[in-house]
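Next come the chains, spelled out residue by residue.
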Amino acid sequence: MLLTPDIAPALASTGASARVAEPVAPRFRVGDRIRVRNHNPETHTRLPGYLRGKLGIVEADYGVFAFPDTHAHGLGEKPQHCYSVRFTARELWGGTASERDTLRVDVFDDYMDLA
């Protein structure tokens, strides 16, 4: 099912989720050091540009969800894990950023590799 403006309010009010009940093995574990892939698709992606090529640490595995990059185009759910990944501010924005600040971002399997 594609999310369209006419059905979005009904889905939100029922607590609808993109979670998928499929036994997909995780590619990463909590504590893994990852590097976000540097890819620039011509179509929809949920991967923020400022994360591309950056290093982070997996902090949590949320489970299996429909991959938005394929699902948004009617190309199937392509179920995969989504993780909370911690990035340091300096990794993202350089040496002038605070050495104490971090950012946590939800990142799908297909967006990253082991570092």
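Let me begin by describing the structure that accompanies this report. (Residues numbered from 1 in each chain as written. Predicted model: local features only at pLDDT ≥ 70, side-chain atom pairs only at ≥ 80, totals over all residues. Heavy atoms only, no water.)

Details of the overall build of the protein chain
Short version of the rule: For the purposes of this entry, the term helix denotes a DSSP run of H or I that reaches at least four residues, the term strand denotes a run of E that reaches at least two, and both are numbered from the N terminus. Relative accessibility decides the category of a residue: with a 1.4 Å probe and only protein chains considered, values under 20% of the type maximum give buried, values over 50% give exposed, and everything between is partly exposed. Here, two residues are considered to be in contact whenever any of their heavy atoms come within 4.5 Å of each other. For accessible areas, the Shrake-Rupley method is used with a probe of radius 1.4 Å. Any residue's cover is judged against the shown protein chains and nothing else.
Across its full length, the protein chain carries three helices and five strands. Reading the protein chain from its N end, one meets helices and strands in the order α-β-β-α-β-α-β-β. Every one of the 115 residues in the protein chain was classed for burial, and the buried ones make up 30%. Taking all contacts inside the protein chain whose residues are at least 6 apart in sequence as the whole, residues at least 24 apart take part in 62%. Accessible surface, the protein chain as shown: approximately 7100 Å² in total, 52% of it carbon and sulfur.

Describing the side chain of Ser-84
When you line up the elements, Ser-84 lands in strand E3 (residues 80-88). Sequence-distant contacts of Ser-84, defined by excluding residues within four places in its chain, comprise Ile-57, Val-58, Glu-59, Ala-60, Tyr-62, Arg-104, Val-105 and Asp-106.

Notes on the environment of Asp-32
Spelled out, the test is: Nitrogen and oxygen atoms within 3.5 Å of one another constitute a polar contact, given that in protein one can donate a hydrogen and the other can accept it, and given that sequence-neighbouring residues count only through two side-chain atoms.
Looking at where Asp-32 falls in the secondary structure, it is placed in the loop between helix H1 (8-14) and strand E1 (33-36). The class of Asp-32 is buried, set by a relative accessible area of 16%. Along the primary structure Asp-32 and Gly-56 are separated by 24 residues, whereas in three dimensions their C-alpha atoms are 8.4 Å apart. Ignoring anything within four residues of it in the chain, the contact list for Asp-32 reads Gly-56, Ile-57, Val-58 and Leu-114. Among the polar contacts made by the side chain of Asp-32, one reaches the main-chain amide nitrogen of Arg-29 at a distance of 2.8 Å.

Here we look at the pattern of salt bridges
Our working definition: Any Lys or Arg side-chain nitrogen located within 4 Å of an Asp or Glu carboxyl oxygen qualifies as a salt bridge.
As enumerated under the stated definition, the model contains six salt bridges in all. For Arg-104, the salt bridge goes to Glu-59, with nearest N and O atoms at 2.7 Å. Of this pair, Arg-104 sits in strand E4 (residues 102-108) while Glu-59 sits in strand E2 (residues 55-65), placing them 45 residues apart in sequence. Residue classification places Arg-104 among the partly exposed positions, given a relative accessible area of 45%. A relative accessible area of 30% means that Glu-59 is categorised as partly exposed. Overlapping salt bridges bring together Arg-27, Arg-37 and Asp-113 as one network.

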